[in-house]
Amino acid sequence: VTVFADKDMLEGIIRNLLTNAVKFTPKGGSVTVSIKSSSPGEVEISVQDTGIGMDKNRLAHLFRLDINTSRKGTEGEASTGLGLILCKDFIEMNGGKLCVESQELKGSTFRFTLPCPAIPDEKTTLAEVLHEKETHLENLKILIAEDDEVSEMLISIALKPISRELIKVRSGTGAVDACRTHPDIDLVLMDIKMPGMNGHEATRLIREFNTEVVIIAQTAYGQFSDMENALEAGCNDYIAKPIDQEKLMMLVRKHLKK
């Protein structure tokens, strides 16, 4: 079975679900991973444990941060829930669905699906696909906070077709100042590793006066923890460098579709 999804992120999701299952399963319990073709063109992966489970209220609000921050593991450690939120977002962004079944003191099952589409026609170019999908996105005011000239150029080329104005800064301080000066900015591409004030600090300051602008973090370090840190800082989403143009457009569609 072939699944068209980011390999590192898919591994990160499975690893995260397994880590949670082990964390909330006392000694003597069990954790089971299974994979199967649930229907034509779709694969299903599940992680089942015999742990402490969840009551109906916690299950109903599982993907809310204020609920997740109160959940404790078998050793009493707190769980932020950010990992599960990231898992759900990535799965849905790739056309799948994450479902959870749980019963208090009897365990939980996290089950997600991903499509297995036919291999695209080689004659269909990426540019044609993007043009077809992005026709509803236009006239966006976009801020690119990036200290690397080459990265800035590539991002600018990718976003130019859907922008009415591109503002470029090279530091976190510049990003904060630009957002203050231009409160109508629709989208911020925020590099995390910038000199002086980094992207996390800049995002926190921006969120003090602007909670609506979409901020997508970008970093050269594609680790799962980087995504959690970005969301904790106030970013809406995350993309790893080198930036894939199609993935970037998927994120823009996800947060700015009209």
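What counts and what doesn't
- Residues numbered from 1 in each chain as written.
- Predicted model: local features only at pLDDT ≥ 70, side-chain atom pairs only at ≥ 80, totals over all residues.
- Heavy atoms only, no water.
- Helix = DSSP H or I, 4+ residues; strand = E, 2+ residues; numbered from the N terminus.
- Buried < 20%, exposed > 50% of the residue type's maximum accessible area, 1.4 Å probe, protein only.
- Areas by Shrake-Rupley, 256 points an atom, 1.4 Å probe, with all protein chains shown as cover.
- Core = buried A, V, L, I, M, F, W, Y, C linked by side-chain atoms within 4.5 Å.
- Contact = heavy atoms within 4.5 Å.
- Pairing = 2+ DSSP bridges.
- Axes fitted to C-alpha atoms, helices over the stretch in contact; angles between N-to-C directions.
- Parallel < 35°, antiparallel > 145°, perpendicular 65-115°, else oblique.
- Left-handed = near helix turned anticlockwise from the far one by under 90°.
- Nonpolar A, V, L, I, M, F, W, Y, C, P; charged D, E, K, R; others polar.
- Arc of directions from axis to C-beta.
- Polar contact = N/O pair within 3.5 Å; in protein donor to acceptor, adjacent residues only side chain to side chain.
- pLDDT = per-residue confidence, 0-100.

(A) The overall build of the protein chain, seen in detail. Broken down by element type, the protein chain carries 10 helices and 11 strands. In the protein chain, which comprises 258 residues, the share counted as buried stands at 43%. For the protein chain, the computed accessible surface area is about 13,700 Å², with 51% contributed by carbon and sulfur atoms.

(B) Layout of the nonpolar core. In terms of nonpolar packing, the biggest core is built from 44 residues, with Phe 112, Leu 143, Val 188 and Met 190 touching the most fellow members. With near-sequence residues (within four places) excluded, Val 188 lies in contact with Leu 143, Cys 179, Val 213, Val 214, Ile 215 and Ile 216. Leu 140, Leu 159, Leu 189 and Met 249 belong to the second-largest nonpolar core, a separate cluster that totals 18 residues.

(C) Highlighting the sheet that holds strand E9 (residues 187–191). Spatially, the five strands line up as an open sheet ordered E8-E7-E9-E10-E11, and their pairing is parallel. Strand pairing shows two members of the sheet lacking a second neighbour, strand E8 (163–169) and strand E11 (237–240), which therefore form its edges. Within the sheet, the average angular offset between the axes of one strand and its neighbour, ignoring direction, is 20°. Sheet topology note: the E9/strand E10 (residues 214–219) ladder contains five bridges and is parallel. By the bridge assignment for E10, Leu 189 is matched with Ile 216. Sheet strands in contact with helix H6 (residues 149–159) are strand E7 (140–145), E8, E9 and E10, and its direction is about 170° off that of E8.

(D) Geometry of the packing of helix H7 (residues 172–181) against helix H8 (residues 199–207). It is the contact of H7 with H8, at a shortest axis distance of 8 Å, that shows an interaxial angle of 20°. The orientation of H7 relative to H8 falls into the category roughly parallel. Crossing handedness for the pair H7 and H8: right-handed. On H8, the residues that touch Gly 172, Ala 175, Val 176 and Cys 179 of H7 are Ala 202, Leu 205 and Ile 206. The residue makeup of the contact of H7 with H8, split by class, is six nonpolar, one polar and no charged.

(E) A look at H8. All of the buried residues along H8 are Gly 199, His 200, Ala 202, Thr 203, Ile 206 and Arg 207. Mapping the buried residues of H8 onto a view down its axis gives an arc of 160°, with all of them on the same face. Of the residues flanking the start of H8, the one acting as N-cap is Asn 198, its side-chain oxygen 3.1 Å from the backbone nitrogen of His 200.

(F) A look at the environment of Ile 206. With respect to the secondary-structure elements, Ile 206 resides in helix H8. Taking relative accessible area as the criterion, Ile 206 reaches 0% and is therefore assigned buried. With sequence-adjacent residues up to four places away left out, Ile 206 is seen in contact with Ala 175, Val 176, Cys 179, Met 190, Val 213 and Ile 215.

(G) Representation of the confidence of the model for the protein chain. With 81% of its residues at a pLDDT of at least 70, the protein chain reaches an overall mean of 83. Within the model, pLDDT remains below 50 along residues 66–70, and this stretch shows 14 contacts once partners closer than five positions in the same chain are excluded. Contacts for the low-pLDDT stretch residues 122–135, under 50 throughout, to residues beyond four places or in other chains number 13 contacts.

(H) Here's a closer look at the side chain of Ser 108. Secondary-structure assignment places Ser 108 in strand E6 (residues 107–115). Here Ser 108 falls in the buried class, since its relative accessible area comes to 4%. A distance of 2.7 Å separates a polar atom in the side chain of Ser 108 from a polar atom in the side chain of Ser 102. Excluding residues that lie within four positions of it along the chain, Ser 108 makes contacts with Val 47, Gln 48, Asp 49, Gly 53, Met 54, Glu 101 and Ser 102.

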